[in-house]
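Each chain is listed here by its residues.
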Number of protein chains: 2
Amino acid sequence: MGDAALAPKEHLLITFMRDLAPDQLEEIKAKFPGLEVSSVTLKRGEDIPSELAKKASYIVTFTNLPKPEDAGNIKFIHFLSAGLDHAIQHPIFKETAIPLTSSSGVHAPPIAEWTVMNWLVHTRKYAYMYEGQKNHEWRDSNSGYFQGVHDQVGKRVGILGYGSIGRQTSPRPTPSSRHDNGFIVPNTGDKEGTIPISWHHGTDKASIREFLALGLDHLVISLPLTPQTTHLLGAEEFALLAASQGSKGAKPYLTNISRGKVLDQEALIGALKSGDLSGAALDVTDPEPLPAGHPLWDAPNVQISPHVSSLGVEYFPRSLDIVKENVGRVKRGEELLNVYKRGKGY
Amino acid sequence: MGDAALAPKEHLLITFMRDLAPDQLEEIKAKFPGLEVSSVTLKRGEDIPSELAKKASYIVTFTNLPKPEDAGNIKFIHFLSAGLDHAIQHPIFKETAIPLTSSSGVHAPPIAEWTVMNWLVHTRKYAYMYEGQKNHEWRDSNSGYFQGVHDQVGKRVGILGYGSIGRQTSPRPTPSSRHDNGFIVPNTGDKEGTIPISWHHGTDKASIREFLALGLDHLVISLPLTPQTTHLLGAEEFALLAASQGSKGAKPYLTNISRGKVLDQEALIGALKSGDLSGAALDVTDPEPLPAGHPLWDAPNVQISPHVSSLGVEYFPRSLDIVKENVGRVKRGEELLNVYKRGKGY
């Protein structure tokens, strides 16, 4: 006891864009009994004040980073987002080797639910029923409206960027190479990588086209945004996706849960208008917020949500589970979970 | 060849409330190359004209039945619905022993999708995003709106009436007793009955209350409507369901995909208003169609659809797969799939 009790506790600093509720902070303190925990409210992208940064051993943040000269004690910086692209121009990325960790994996259950929800809302024409209810109208099968409704039995889903960040860029020829070694919410996910019926890789044009020609009913984009993935999908890719379905009934449906810029948004609107895509669920747009006058809002069969697919009351506690795991790994000298690889850009 | 070619083909008669499209009839004929297939358009509940009924060996119908005296050649009557409650007053039920088969099982994939869709639409507040999009508003997380959004990891779902019709009424103490012996759409379902974490049975008050006290996050009602299940759930049952959740965050959500009369609709409205239920998805109401002035339309957090959860382009072909299987079973002298048990009422 003696020495440990006298030694100053290491400091965990949380930066947030709005004040944490008192009970939220108490919950966090209870999760880290060995650390001193404090929080500070900062504006988006604002640097962490020097006096706070210098005291911290661990930082948890969305967008606030310390200046490199204040970061001498910092053992890692944990981002509350899955992607770190919004922050990579900061000197902390380029001028230090401080480990940076992401919340990749935390998002999986809510985003999976959001994806399934939107796909079903589209295929089962939920909005038609919703508007019917608002109007107190019993819009039953006699209207003939439900002729085009179909279910998803036997449908083929292609995921661009499967599992933890980066899995899609390397070949996965062996079972062990398909394992997901990032954070996985307990009792969910596909740690062993046994769910996909086939694996593909590469973000060059030829690889992407081979993938899009598989006859997909639903393309889900979950790639990180990097220079290689920017505008990866455009008019030609959407046309290829549609053509590869052949004589099947419904045209492909597209879901984007990564970043708006991974696709050419104008080409997407074109593919929705031409019917090459039967619909699209977009949780991300370019830019964000999407301006009120932007034509994407009213594109045919598009479902837009304001970058909220990952949110929920479980988000913050799960992300802090990663921090807790990594504080332990620092003590034990082990490699951190969800660590950002500076050279690769994700 | 000789004799078989000369023998008159058996006749399969399909009755429908509107004309079948020519290509639909062609598809059906292709499915039954050994039978003569014809269709007739009849009003809901209208008896099948004698001259048609007398020629038929097999009848496929929603609501149209032959008079007993015209049914001498009929080997079975197949209903395009899962429940037969709408037709059990007909003399063909009481005065003949003609096998009657249902479409139970055909509905499983679309109804499962409808159920998941509505649950997610509720928990993820889809309507809020949908209305935001209509207004071109980027209603992002800063609104604080998403504080109450949660995902379904670890949530407990209770199904009243699991699997094929009637499984819920008998004890299921052994693995083999849990098998689903009805029709199952290939590559779906739970034929072995291994998915539930526990099994319960009985439709008496005490059994139902024991079930409702399990701390369910989501109660799905898929019971057949019988005298025993009519108004099975009322004010006391909803209160018990809510109370058994204890200190958990969200109150239980209710889904009804069976018949409106299995619950006391006024009590349901009360439970939604009091907050004992966080929401409800109803594909069935009492009566149907729900009159435009009915208060259920505007009950808090209710999602109503006009008895369409099972519909889709796959419905009819899958139901005819049961007919095809049963024509084979008649030839082989085997027990029919999905056969109605007159004594039990389902």
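Criteria and cut-off values
- Residues numbered from 1 in each chain as written.
- Chains lettered and ligands numbered in written order.
- Predicted model: local features only at pLDDT ≥ 70, side-chain atom pairs only at ≥ 80, totals over all residues.
- Heavy atoms only, no water.
- Pairing = 2+ DSSP bridges.
- Helix = DSSP H or I, 4+ residues; strand = E, 2+ residues; numbered from the N terminus.
- Axes fitted to C-alpha atoms, helices over the stretch in contact; angles between N-to-C directions.
- Domains from an automatic or database assignment.
- Contact = heavy atoms within 4.5 Å.
- Buried area = accessible area lost by both parts, 1.4 Å probe.
- Salt bridge = Lys/Arg side-chain N within 4 Å of Asp/Glu carboxyl O.
- Polar contact = N/O pair within 3.5 Å; in protein donor to acceptor, adjacent residues only side chain to side chain.
- Nonpolar A, V, L, I, M, F, W, Y, C, P; charged D, E, K, R; others polar.
- Core = buried A, V, L, I, M, F, W, Y, C linked by side-chain atoms within 4.5 Å.
- Buried < 20%, exposed > 50% of the residue type's maximum accessible area, 1.4 Å probe, protein only.
- Least-squares fit on C-alpha atoms with pLDDT ≥ 70 in both.
- Expected span 1.5 Å × (residues − 1).
- Parallel < 35°, antiparallel > 145°, perpendicular 65-115°, else oblique.
- Left-handed = near helix turned anticlockwise from the far one by under 90°.

An unreviewed UniProt entry annotates chain A as dna, SC005 originating from Aspergillus oryzae.

What follows concerns the sheet that holds strand E10 (residues 302-304) of chain A. Residue and element names in this part refer to chain A. Taken together, 5 strands build an open sheet; the order of strands is E6-E7-E8-E9-E10 and the sheet is parallel. Sheet topology places strand E6 (157-160) and E10 at the edges, where each strand pairs with a single neighbour. Each strand axis lies, on average, 10° off the axis of its neighbour in the sheet, ignoring direction. For strand E8 (residues 253-256) and strand E9 (residues 279-282), the ladder comprises 4 bridges, and the chain directions are parallel. If you follow threonine 255 over to E9, its bridge partner there is alanine 281.

Another aspect to go through is the domain arrangement of chain A. Residue and element names in this part refer to chain A. As assigned here, chain A comprises domain 1 (11-104 + 313-332) and domain 2 (107-304). A C-alpha centroid distance of 32 Å is found between domain 1 and domain 2. Residue-level contacts link 11 residues of domain 1 with 9 residues of domain 2. Taken together, the two surfaces of domain 1 and domain 2 that pack against each other cover about 820 Å², and 57% of this comes from carbon and sulfur. For domain 1, the biggest contributors to the area lost against domain 2 are Asp85, Ser104 and Arg318; these three give 58% of the whole. The interface formed by domain 1 and domain 2 holds 1 salt bridge in total. A salt bridge links aspartate 85 to arginine 259, with the shortest nitrogen-to-oxygen separation between them at 3.2 Å. Across the contact surface, domain 1 and domain 2 share 3 residue pairs in polar contact (both at pLDDT 80 or more). Tallied by class, the residues present in the side of domain 1 that touches domain 2 amount to 4 nonpolar, 4 polar and 3 charged.

Here we come to the nonpolar core. The biggest cluster of nonpolar side chains holds 32 residues, and the ones touching the most others in it are Met117 and Tyr126 of chain A together with Met117 and Tyr126 of chain B. Those residues in contact with methionine 117 of chain B that lie beyond four places of it in its chain are Leu120, Val121, Arg124, Tyr126 and Met129 of chain A.

Moving on to the interface of chain A and chain B. Listed per partner, the contact involves 59 residues of chain A and 59 residues of chain B. The tally of links from chain A across to chain B stands at 4 salt bridges. Here lysine 134 of chain A ties to glutamate 131 of chain B by a salt bridge, and the two come within 2.7 Å at their closest N and O atoms. Inspection of the chain A/chain B interface yields 26 residue pairs in polar contact (both at pLDDT 80 or more). Per element, the largest residue contribution to the side of chain A that touches chain B is 9 residues, and it comes from helix H5 (residues 108-123) of chain A. Grouping the constituent residues of the side of chain A that touches chain B by class yields 27 nonpolar, 18 polar and 14 charged.

Further remarks concern the side chain of aspartate 217 of chain B. Residue and element names in this part refer to chain B. With respect to the helices and strands, the residue aspartate 217 is situated in the loop between helix H7 (205-212) and strand E7 (218-221). In terms of polar contacts, aspartate 217 uses its side chain to reach the backbone amide nitrogen of arginine 156, at 2.7 Å. Within polar-contact distance, the side chain of aspartate 217 engages the side chain of glutamine 245 at 2.8 Å.

Taken as a whole and assessed by the stated rule, the structure comprises 30 salt bridges over all chains. Where arginine 318 of chain B meets aspartate 151 of chain A, a salt bridge forms, and the shortest distance between an N and an O atom there is 2.8 Å. Separated into two different chains, arginine 318 of chain B in helix H10 (residues 315-332) and aspartate 151 of chain A in the loop between helix H6 (126-134) and E6 make up a pair that spans both. With relative accessibility at 2%, the residue aspartate 151 of chain A sits in the buried group. In this structure, arginine 209 of chain A engages glutamate 237 of chain A in a salt bridge whose closest nitrogen and oxygen atoms are separated by 3.4 Å. Within this pair, whereas arginine 209 of chain A is found in helix H7 (residues 205-212), its partner glutamate 237 of chain A is found in helix H8 (residues 235-243), the two being separated by 28 residues in sequence. Overall, glutamate 237 of chain A belongs to the buried group, its relative accessible area being 3%. Sharing partners across several salt bridges, the network here consists of Glu131 and Lys134 of chain A together with Glu131 and Lys134 of chain B.

Our focus in this paragraph is the relation of the copies chain A and chain B. Relating one copy of the chain to the other takes a rotation about an axis and a shift parallel to that axis. Superposing chain A onto chain B takes a rotation of 180° combined with a translation of 0.0 Å along the rotation axis, leaving an RMSD of 0.1 Å. Taken together, the rotation angle and the small translation identify this as a two-fold axis. Identified as the residue of chain A closest to the rotation axis by C-alpha distance is methionine 117 of chain A, at 2.6 Å. Same-surface contact between copies: 100% of interface residues of chain A are shared with the interface of chain B.

What follows deals with H5 of chain A. The end-to-end C-alpha separation of H5 of chain A is 22 Å, in line with the 22 Å expected for 16 residues at 1.5 Å each. Among the 16 residues that make up H5 of chain A, 13 are buried, leaving the element largely enclosed by the rest of the structure.

All names here are of chain A. Residue position: serine 143 is located in the loop between H6 and E6. Serine 143 gets classed as partly exposed once you look at its relative accessible area, which sits at 45%. The spatial distance from the C-alpha of serine 143 to the C-alpha of aspartate 70 is 67 Å, given a sequence separation of 73 residues.

In this section: the sheet that holds strand E8 (residues 253-256) of chain B. Residue and element names in this part refer to chain B. Strand order in the open sheet made by the 5 strands is E6-E7-E8-E9-E10, with parallel pairing throughout. In this open sheet, the two edge strands, each paired with only one partner strand, are strand E6 (157-160) and strand E10 (302-304). Across the sheet, the axes of successive neighbouring strands diverge by a mean angle of 10°, strand direction being ignored. Along the sheet, helix H9 (residues 265-274) contacts E8, strand E9 (279-282) and E10; its crossing angle with E9, the most-contacted strand, is approximately 145°.

Residues and elements named next belong to chain B. Of the two faces of strand E4 (residues 76-79), the one holding Phe76 and His78 and the one holding Ile77 and Phe79 are both buried throughout. Where strand E3 (residues 58-61) and E4 come together, 4 bridges link them in parallel fashion. Each bridged residue has a counterpart across the sheet, and for isoleucine 59 the counterpart in E4 is isoleucine 77. Two strands pair when backbone bridges link them, and E4 and strand E5 (residues 100-101) are joined in this way by 2 bridges, in the parallel orientation. Looking at the pairing, histidine 78 lines up with threonine 101 of E5.

Looking now at the packing of helix H2 (residues 22-31) of chain B against H10 of chain B. Residues and elements named next belong to chain B. Packing of H2 against H10 leaves a shortest axis separation of 11 Å and a crossing angle of 25°. Regarding the angle of H2 to H10, the classification is roughly parallel. The two elements H2 and H10 cross, and the hand of that crossing is right-handed. Judged by residue contacts, Gln24, Ile28 and Lys31 of H2 engage Phe316, Pro317, Leu320, Asp321 and Lys324 from H10. Looking at the contact of H2 with H10, its residues break down into 4 nonpolar, 1 polar and 3 charged.

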